[in-house]
Amino acid sequence: MGELMSYRDGTRLERAFQRENDHRALFVAYIMAGDPDLETSFELLTGLAEHADVIELGMPFSDPMAEGPTIQLASQRSLAAGTKMRDVLGIVRRFRETNTVTPIVLMGYLNPVLSYGFESFANDASDAGADGVIIVDCPPEEADALTDALEAAKMNLIRLATPTTDDARLPAVVKRTSGFIYYVSVAGVTGVLEADADAVRGPVERLRAASGLPVAVGFGIKTPERAAEVARVADGVVVGSALVDEIASAAKLNENVTQKVLSKASELAKAVRSARVGTA
Amino acid sequence: MNAPVSPTERPNDWSAYPDAKGRFGGYGGLYVAETLMPLVLELDRAYTEAKNDPAFQKELRGYLTHYVGRPSPLYFAERLSKHLGGAKIYFKREELNHTGAHKINNCMGQILLAQRMGKTRIIAETGAGQHGVASATVTARFGLPCVVYMGAVDVARQKPNVFRMNLLGAEVRPVTSGAATLKDAMNEAMRDWVTNVADTYYMIGTAAGPHPYPAMVRDFQAVIGSETREQIQELEGRLPDAVVACVGGGSNAIGMFHPFLADESVKIYGVEASGHGLDTDKHAASLTGGRPGVLHGNKTYLLQDDDGQILDAHSISAGLDYPGIGPEHSFLHDIGRAQYLTCTDDEALKAFQLCAELEGIIPALESAHALAKLPQLAKEIGEGGVIVLCLSGRGDKDIFTVADALGRTI
């Protein structure tokens with residue numbers, strides 16, 4: 001485990017997993033920063049913290065190649081509203097004025113981060129109060145410079161493992177990753193296929209063993225039932241598209257976006273938290 | 001134009017690129033989601049094996065000869081040369097290939113590789129539709145299902161090619177996300193690939209994308225430059241003074257350029273599409289008007305805003321309408337081995353008509369961008385000099401676009 005990264009006293013993210021993980025899985029909620037606009041996504045962020053254990057905050061990108069239609073559209077709405085990388089960090093900073101507990105993981109694509117500059121990004125993101133980063137299109141083979149910058153800023157780099165990650169690749173995938181491993185439960189884009197909790201069990205155990213880190217599962221979890229099933233086998237359950245769908249439909253029907261999203265988040269959180277009661 | 005770089009700063013062995021990590025200097029690489037990593041690594045292994053297998057090369061040569069119709073002629077464009085006054089101009093006639101463009105050179109190589117890998121479903125992206133047609137052609141020939149992703153805007157402006165693909169049995173899926181052009185078609189193809197990892201082969205049409213695509217597509221297209229090298233020596237008894245090709249993603253260009261890289265006497269010119277002009281936001285000149293970034297699996301010059309968001313490209317030619325460029329071109333640009341010029345929509349339209357009128361050849365609008373720089377280059381190289389232009393495709397597909405631009409109705 002010499003390769004394994006861990007910061008002294010742990011990061012906010014590491015502490016969150018340590019705190020709860022003995023008795024239940026964490027609920028990880030995803031929204032896109034700036035969707036449908038910056039102010040609403042700030043309200044969502046604050047509200048989500050009442051329900052979610054970890055928040056993944058999407059950084060919009062013009063060409064989100066791993067996303068299904070739901071998050072593609074979220075990205076387009078955010079960019080159309082004029083969201084810049086600095087604005088994304090700006091709402092994290094505002095969030096930290098009132099919340100110092102809930103970890104925030106920034107998730108996005110490499111080019112905007114490259115354009116910002118790895119070191120500046122790592123420093124500014126850390127300074128704003130973000131805890132971890134997931135970059136979808138930056139495999140370990142290309143990640144050294146970004147990882148150096150994040151480690152220097154004491155940020156967690158969370159890597160994705162997928163159903164196609166074979167034994168030969170596993171050591172490379174878990175090397176220099178920290179915080180948790182994000183297991184992509186389906187070969188596909190976000191929010192389209194449904195995860196199969198039984199099929200996820202084996203990979204989660206394998207990843208835990210290989211990394212010594214908690215494993216959160218995402219990419220195909222839409223309902224409280226499915227979230228509960230996955231919560232029985234994984235250390236974290238990530239829901240994104242199902243929440244973002246609520247933003248889109250509320251905006252379309254002129255309903256209160258925050259209310260709709262938070263009510264969905266509350267259902268999902270309950271499902272995740274109660275999943276292991278009586279099964280431990 | 002770029003300042004010339006002294007030869008000592010350049011590599012001695014051009015075949016050493018890309019390196020083991022798929023890099024051409026600082027460009028290229030492997031920037032894909034983890035789901036695709038094992039697939040592109042497997043592709044790299046399979047391609048390396050095939051490349052070194054004489055049986056594979058022999059089979060490919062057979063199809064190139066008897067199905068594609070290679071070698072393509074090297075033709076002395078006598079009237080155009082006289083008209084421009086200066087160097088002698090030759091056309092490498094890639095438009096005479098089966099399907100009417102250079103794209104099939106690459107598709108033939110990749111379909112043989114896909115079969116060798118046991119893949120049973122082919123996906124492709126297309127801009128102008130030339131690569132889509134070439135993909136649909138080889139998949140028809142080898143009996144594999146084919147899905148072609150094409151931006152909805154391109155579907156509308158390239159109807160003849162959409163119909164051709166349908167006739168060949170391919171399914172054309174219009175892509176409406178983003179600007180609904182080539183870049184978005186490529187995003188959608190990658191989303192398909194990530195969802196269908198077990199059986200699907202992604203047939204990328206240009207010398208871009210994650211390693212090994214830029215190198216593999218270049219190798220399959222290098223037949224253009226290799227033939228040119230032999231043919232010009234037969235015809236002129238020497239190497240040309242310059243080669244020139246249009247550059248979108250850059251596959252016809254790198255195919256022409258690569259066999260000449262070590263010949264320092266041969267000047268190399270790529271021509272990017274500058275659309276309405278470089279001073280507008282409607283162009284597709286990634287090298288001239290962009291900066292390095294990461295998109296579609298590789299690091300290369302991209303059109304992007306200050307925040308790293310990719311900008312929509314514009315060119316009258318759907319095949320050049322792409323905000324990136326193959327990574328090897330970025331490398332050749334930086335070290336100064338190739339020079340990259342630009343050509344506007346209007347210049348391309350004029351060259352399109354001039355070529356038709358003087359040589360009886362209707363060129364693709366893509367190729368017309370290279371043709372448009374001939375007046376300048378013929379003068380620079382001067383009398384007694386020899387220029388070879390890669391006439392990458394024929395222009396039948398473009399007649400509606402051209403008629404529209406000229407204010408005529410067909």
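Conventions and cut-offs
Residues numbered from 1 in each chain as written. Chains lettered and ligands numbered in written order. Predicted model: local features only at pLDDT ≥ 70, side-chain atom pairs only at ≥ 80, totals over all residues. Heavy atoms only, no water. Contact = heavy atoms within 4.5 Å. Buried area = accessible area lost by both parts, 1.4 Å probe. Salt bridge = Lys/Arg side-chain N within 4 Å of Asp/Glu carboxyl O. Buried < 20%, exposed > 50% of the residue type's maximum accessible area, 1.4 Å probe, protein only. Helix = DSSP H or I, 4+ residues; strand = E, 2+ residues; numbered from the N terminus. Arc of directions from axis to C-beta. Pairing = 2+ DSSP bridges. Domains from an automatic or database assignment. Polar contact = N/O pair within 3.5 Å; in protein donor to acceptor, adjacent residues only side chain to side chain. Nonpolar A, V, L, I, M, F, W, Y, C, P; charged D, E, K, R; others polar. Core = buried A, V, L, I, M, F, W, Y, C linked by side-chain atoms within 4.5 Å. Right-handed = clockwise from strand over helix to strand, strands pointing away.

Trainee: Pulling in residues and values, what's your account of the interface of chain A and chain B?
Mentor: Each partner contributes to the interface: chain A provides 35 residues, whereas chain B provides 38 residues. Across the chain A/chain B interface, buried area totals approximately 2,800 Å², and carbon plus sulfur atoms make up 51% of it. Taken together, the connections running from chain A to chain B amount to three salt bridges. Taking the shortest distance from any N to any O, the salt bridge between A:D63 and B:K183 comes out at 2.8 Å.

Trainee: Please give an account of helix α7 (residues 159–167) of chain B that cites residues and values.
Mentor: Residue and element names in this part refer to chain B. Listed in full, the buried residues belonging to α7 are N161, V162 and M165. For α7, the angular spread of the buried residues around the axis is 105°, confining them to a single face. Every exposed residue of α7 that faces more than 90 degrees away from the buried side is listed here: K159, F163 and L167. Buried-residue contacts for α7 involve β5 (121–126), α5 (130–142), β6 (146–151), α6 (152–157) and β7 (171–175).

Trainee: So what's going on with the pattern of salt bridges? Residues and values would help.
Mentor: Residues and elements named next belong to chain A. If you walk through the whole model with that rule in mind, you get 41 salt bridges over all chains. Here R208 and D235 are joined by a salt bridge, their closest N and O atoms 2.9 Å apart. With R208 in helix α9 (residues 197–211) and D235 in the loop between α10 (224–231) and β9 (236–239), this residue pair connects regions lying 27 residues apart in the sequence.

Trainee: Which residues make up the pairing of strand β14 (residues 386–391) of chain B, and what are the values?
Mentor: Residue and element names in this part refer to chain B. Burial runs high along β14: six of the six residues are buried. Of the two faces of β14, both are covered, the one formed by V386, V388 and C390 as well as the one formed by I387, L389 and L391. Sheet topology places strand β4 (residues 88–93) next to β14; six bridges connect them, and they run parallel. Within β14, the position partnered with I89 by the bridge is I387. Bridge analysis of strand β9 (residues 242–247) against β14 gives three bridges, and the strand direction is parallel. The partner of V244 across the bridge, within β14, is L389.

Trainee: With reference to specific residues and values, describe the domain arrangement of chain B.
Mentor: All names here are of chain B. Taken domain by domain, chain B consists of domain 1 (23–64 + 103–216) and domain 2 (70–100 + 222–405). Computed over C-alpha atoms, the centres of domain 1 and domain 2 are 22 Å apart. Contacts between domain 1 and domain 2 engage 39 residues on the former and 41 residues on the latter. Counting the surface lost from both domain 1 and domain 2, the interface buries some 3,100 Å², and carbon and sulfur atoms represent 59% of this. Linking domain 1 with domain 2 are zero salt bridges. Scanning the region where domain 1 abuts domain 2 turns up eleven residue pairs in polar contact (both at pLDDT 80 or more). Elements with a minimum of two residues in the side of domain 1 that touches domain 2: β2 (27–31), α4 (103–116), α5, α6, α7 and α8 (182–195). Grouping the amino acids of the side of domain 1 that touches domain 2 by side-chain chemistry returns 19 nonpolar, 15 polar and five charged.

Trainee: Quick rundown of the sheet that holds strand β2 (residues 54–58) of chain A? Include the residues and the values.
Mentor: Residue and element names in this part refer to chain A. Spatially, β5-β4-β3-β2-β1-β9-β8-β7-β6 is the arrangement adopted by the nine strands of the open sheet, whose pairing is parallel. The sheet is open, and its two borders are formed by β5 (156–157) and β6 (160–161), each paired with just one other strand. Here four bridges tie β2 to strand β3 (residues 104–108), and the two strands are oriented parallel to one another. Residue E56 lies in a different strand from β3, and its bridge partner there is V105.

Trainee: With reference to specific residues and values, describe the nonpolar core.
Mentor: Counting 83 residues, the largest nonpolar core has A:Y182, B:M108, B:I111, B:L113, B:Y201 and B:Y202 as its most contacted members. Once residues lying within four places of it in the same chain are set aside, the contact partners of B:Y202 are B:Q110, B:I123, B:A124, B:E125, B:M186, B:A189, B:M190, B:W193 and B:Y213. Membership of the second largest hydrophobic core comes to 79 residues, among which are A:M85, A:A197, A:V233 and A:I247.

Trainee: Could you give an account of the environment of A:K154, with specific residues and numbers?
Mentor: Summarising the element assignment, A:K154 is placed in the loop between α7 (144–152) and β5. In the structure, A:K154 is positioned 113 residues away from A:E267 in sequence and 33 Å away in space, judged by C-alpha atoms.

Trainee: If you had to explain the pairing of strand β8 (residues 215–218) of chain A to someone new, which residues and values would you point to?
Mentor: All names here are of chain A. Covered by surrounding structure in β8 are V215 and V217 together with A216 and G218, the residues of both alternating faces. Relative to β8, strand β7 (residues 181–184) runs parallel, the two sharing four bridges. For Y182, the partnering residue across the bridge sits in β8 and is A216. Read from β7 through α9 to β8, the crossover connection turns out right-handed. Sheet topology places β8 next to β9; two bridges connect them, and they run parallel. Counterpart to V217 in the pairing with β9 is V237.

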